[in-house]
Amino acid sequence: MTFTYDGTFEGLLSVIFETYRLETTATAIVPAEEWQGSLFETPLLVATKEEWAERVKVGIKKKGGKKSLRLLEHCFLSEFPEVGKLIHDFVRKLMASPINISDNFGDDTVLKLHQIKKKIGREVHRMHAFVRFQRTQDDIYYAIIEPDFNVLPLLPDHFEKRYPAQHWLIYDGRRRYGIYYDQQQTEFVSFADDHALQYRQLPANMMAEQEVEYQVLWKSYFDSVNIKERKNPKLHLQHVPRRYWKYLSEKREQF
Amino acid sequence: MNERVKEKLEILADAAKYDVSCSSSGSKRKNTKDGLGNATGMGICHSYTEDGRCVSLLKVLLTNHCIFDCAYCVSRKSNDVKRAAFTVQEVVDLTINFYRRNYIEGLFLSSGIFKNSDYTMERLVRIAKVLRTEHKFNGYIHLKAIPGASDELIHEAGLYADRLSVNLEIPSEMSLKKVAPEKNYADVYQPMNYLKGAIVGHREEKKRIRSTPSFAPAGQSTQLVIGATPENDLHILNLADSLYAEQSLRRVYYSGYIPISEDQRLPALRQPPLIRENRLYQADWLLRFYGFKVDEIVDQQYPDLDLEVDPKMAYALRHPQLFPIDVNQAPYEVILRIPGVGVKSARKIVAARRHGQLRYEHLKKMGIVLKRARYFLKCADKNFSHLGLYPEAIRKEITQPKRAKTISNQLSLFGTN
Ligand code: SF4
């Protein structure tokens, strides 16, 4: 049977709880927004219940440890259409097994989840690398990103540790929300009008005085360290796929 | 910031780029609440050059003025290039501002030798000191220890830097004398040995007194230039092995010689020996993480690495009697010896087999490179031992991937030749 939910992780866990309550299993679990409609079935919409979600979390932690829960939370951020079902299958298998199954790479569900987690990890790592802050006139360091997956929630820890004494804002231009740190804590933020934030380069009147100079210096540094005798465009693209170039001031032609 | 700084940056980054070390990992420097940066994790490549090298640090020379005349170096005295020198403040500003924008993990500062070793070293130390003390900078700092600099300055450098390196550059002293008349091994080994002692000393002390300041927490490294002089891989790997064992180096870097100069003292290479360089890194990896000994990789009979296949494959092809290895039985260290199985795969195998016998299908799904590994392993449903007896045929199959694809029947392996 097909289930729909509100698109949150807690919502998905509520669905899983509901399948146990109804003594059934899910054939598909999709966010209600993405349900395409079908002639043959009407999906069951499950409302998110914090209490249910919490009980499933406790169950996962008991059987599979904190690591298993983290695995599922990370995979959920992939936004892959099949991920809801995978997480459901994992929880079922975990609960039915006498031992922790989270490192059983011979199992298809476990293996697939680990592969997704690896992709998420890679994207997080890319964001650590490719975020490029531009300093604004009011002294906020601003960066726009459009990650393949919804990894923004996984970023604060790294940037808080690195830049505790500066204000910064990392904005997901596609999902249209950001994380803002004010030297105390990080908060999720969204803006009714995010027009100015969508530019690769901030509008001139928003930029701090020396901002462009440093962008230019960085590009000239990047150009100077190249060794043309070793040129290897294939390797270069493998490390910096073209879709990430737009973030990178060193890849820009003009300022 | 003005045009002049940009020009200096271009000259001094260009001159520094031949030092291959770009690692920003291995330190444990944490940030403070009001500080800038940290150097705790793996180290991040913030960009990649068009030749695919990691850009992690702002890697520059303080100056490319130099009183020495090393044949392999662009900055040598007799070379006709534009010269420039940064001020202390300029390097500090660039580092801080690049770091704040998340361009870099930190600074890698080296220098040509102007006036003398101590004079140069003192400037390098001062930059690190200003960054750490005035700007509370806790990002990564790699300083070059200038050969011949005094122990006091080397010591001070260790208090501010995460890593220090002294480059041996040329893999034997005899060759070094020929291409760098002012240099000798003693001047390089002296700071290396001093650092080794100081690093160990500080670490011991830190165990007893936690507030002991850290001293070069990411250790020291060196670089060897490959292909400029006639040393073979056996010689080079033995040298590296002894540097790891005796000087406790964290890393030895290998840099394929790029014919940057038309200096008579050096061979005229058409291309840098990039494949050899890569094979040396692979061999180095086997020494450090796979439990291989130098004489298992190269020996008197085969003093040079096989350019056609990687060193682990070469080892397997020379020792067919040790294979196939049973992935369901063999201990972890032995599984690591299967070509195509890396550290991660080996760990996965050992974890997964507790849940049941591993079959070919499982290995495939785990992402093991079976195209290479299959000749050397045994799993629950497949045993390729009959193939393991024909090392030359396997070599052919592996080094000619295109042709192999058109051959659907594996038995035709034996039909050819
Ligand atoms: S001392 Fe260093 S900078 Fe000077 S020529 Fe030799 S290698 Fe180059």
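Residues numbered from 1 in each chain as written. Chains lettered and ligands numbered in written order. Predicted model: local features only at pLDDT ≥ 70, side-chain atom pairs only at ≥ 80, totals over all residues. Heavy atoms only, no water.

A. Representation of the overall build of chain B within the structure. The helix and strand tally for chain B stands at 18 helices and eleven strands. In terms of overall dimensions, chain B is globule-like: its C-alpha atoms have a radius of gyration of 24 Å, near the 22 Å expected for 417 residues. Referenced to the eigenvectors of the C-alpha coordinate spread, the extents of chain B come out at roughly 70 × 55 × 40 Å. Contacts spanning at least 24 positions in sequence make up 66% of the contacts within chain B whose residues lie at least 6 apart. Split by element, the accessible area of chain B, about 18,300 Å² in all, is 52% carbon and sulfur. (Helix = DSSP H or I, 4+ residues; strand = E, 2+ residues; numbered from the N terminus. Rg over C-alpha atoms; globule rule 2.2 N^0.38 Å. Contact = heavy atoms within 4.5 Å. Areas by Shrake-Rupley, 256 points an atom, 1.4 Å probe, with all protein chains shown as cover.)

B. Structural view of the nonpolar core. If you look at the biggest cluster of nonpolar residues, it comprises 190 residues, and the most contacted ones within it are Ile87 and Tyr221 of chain A together with Phe98 and Leu237 of chain B. Phe98 of chain B has contacts with Tyr214, Leu217, Trp218 and Tyr221 of chain A together with Leu9, Leu58, Tyr103 and Ile104 of chain B, leaving out every residue within four places of it along the chain. (Core = buried A, V, L, I, M, F, W, Y, C linked by side-chain atoms within 4.5 Å. Buried < 20%, exposed > 50% of the residue type's maximum accessible area, 1.4 Å probe, protein only.)

C. Examining the packing of aromatic side chains more closely. Using the criterion set out here, one finds 26 aromatic pairs over all chains in the structure. On the numbers, 5.7 Å between centres and 55° between planes, the contact of Tyr185 of chain B with Tyr189 of chain B is tilted. Taken together, the residues Tyr185 of chain B and Tyr189 of chain B, both in helix α6 (residues 185-208) and four residues apart, mark about one turn of the helix. Judged on exposure class, the residue Tyr185 of chain B and its partner Tyr189 of chain B are both buried. The lysine or arginine in question, Arg123 of chain B, covers the ring of Tyr119 of chain B, its NZ or CZ lying 4.3 Å from the ring centre. Sitting over the ring of Phe105 of chain A, Lys348 of chain B keeps its end group 5.7 Å from the ring centre. (Phe/Tyr/Trp six-rings, centres within 6.5 Å; stacked < 30°, edge-to-face > 60°. Lys NZ or Arg CZ within 6 Å of the ring centre and 35° of its normal.)

D. Structural detail: the interface of chain B and chain A. Contacts between the two partners involve 58 residues from chain B and, on the opposite side, 57 residues from chain A. Carbon and sulfur atoms make up 55% of the area that chain B and chain A hide from each other, which totals about 5,000 Å². Broken down residue by residue, the surface that chain B buries against chain A is led by Glu50, Arg101 and Tyr103 of chain B, which jointly contribute 15%. The tally of links between chain B and chain A comes to four salt bridges. With a closest N to O distance of 2.8 Å, Asp108 of chain A and Lys365 of chain B form a salt bridge. Inspection of the region where chain B meets chain A yields 27 residue pairs in polar contact (both at pLDDT 80 or more). Contributions of two or more residues to the side of chain B that touches chain A are made by α1 (3-16), β1 (47-48), β3 (57-61), α2 (88-100), α8 (274-289), α12 (343-352) and α13 (360-365) of chain B. Of the residues contributing to the side of chain B that touches chain A, the split by class is 24 nonpolar, 16 polar and 18 charged. (Buried area = accessible area lost by both parts, 1.4 Å probe. Salt bridge = Lys/Arg side-chain N within 4 Å of Asp/Glu carboxyl O. Polar contact = N/O pair within 3.5 Å; in protein donor to acceptor, adjacent residues only side chain to side chain. Nonpolar A, V, L, I, M, F, W, Y, C, P; charged D, E, K, R; others polar.)

E. Geometry of the packing of helix α2 (residues 50-76) of chain A against helix α3 (residues 83-96) of chain A. Residue and element names in this part refer to chain A. One can describe the packing of α2 onto α3 by two numbers: an axis separation of 11 Å at closest approach and a directional angle of 170°. The angle between the axes of α2 and α3 places the two elements in the roughly antiparallel class. Of α3, the residues touching α2 (which contributes Gly59, Ile60, Lys63, Gly64, Ser68, Leu71, Leu72, Cys75 and Phe76) are Val83, Ile87, Phe90, Val91, Leu94 and Met95. Class assignment of the residues belonging to the contact of α2 with α3 gives a composition of eleven nonpolar, three polar and one charged. (Axes fitted to C-alpha atoms, helices over the stretch in contact; angles between N-to-C directions. Parallel < 35°, antiparallel > 145°, perpendicular 65-115°, else oblique.)

F. Geometry of the domain arrangement of chain A. Residues and elements named next belong to chain A. Here chain A is described as being made up of domain 1 (2-123) and domain 2 (131-251). Centre-to-centre, using C-alpha coordinates, domain 1 lies 32 Å away from domain 2. Each side of the interface is counted separately: domain 1 has eight residues, and domain 2 has nine residues. Where domain 1 abuts domain 2, roughly 770 Å² becomes buried across the two surfaces, and 65% of that area is made up of carbon and sulfur atoms. At the surface where domain 1 touches domain 2, the tally comes to one salt bridge. Glu79 is the salt-bridge partner of Arg175, the closest N and O atoms lying 3.0 Å from each other. (Domains from an automatic or database assignment.)

G. A look at the state of the cysteines. Residue and element names in this part refer to chain B. Inspection of every chain in the model, using the stated rule, returns one disulfide over all chains. Between the sulfur atoms of Cys45 and its disulfide partner Cys54 the distance amounts to 2.1 Å. As the torsion about the S-S bond is roughly -105°, the Cys45-Cys54 disulfide counts as left-handed. We classify Cys54 as partly exposed; its relative accessible area is 23%. (Disulfide = S-S within 2.5 Å.)

H. Representation of the sheet that holds strand β8 (residues 186-189) of chain A in the model. Residues and elements named next belong to chain A. Taken in spatial order, the five strands make up an open sheet running β4-β5-β6-β7-β8, and their pairing is mixed. If you trace the sheet from one side to the other, it starts and ends with β4 (134-135) and β8, each paired once. As paired strands, strand β6 (residues 167-172) and strand β7 (residues 177-181) are joined by five bridges and run antiparallel to one another. In the sheet register, Ile170 faces β7, and the bridge partner there is Ile179. (Pairing = 2+ DSSP bridges.)

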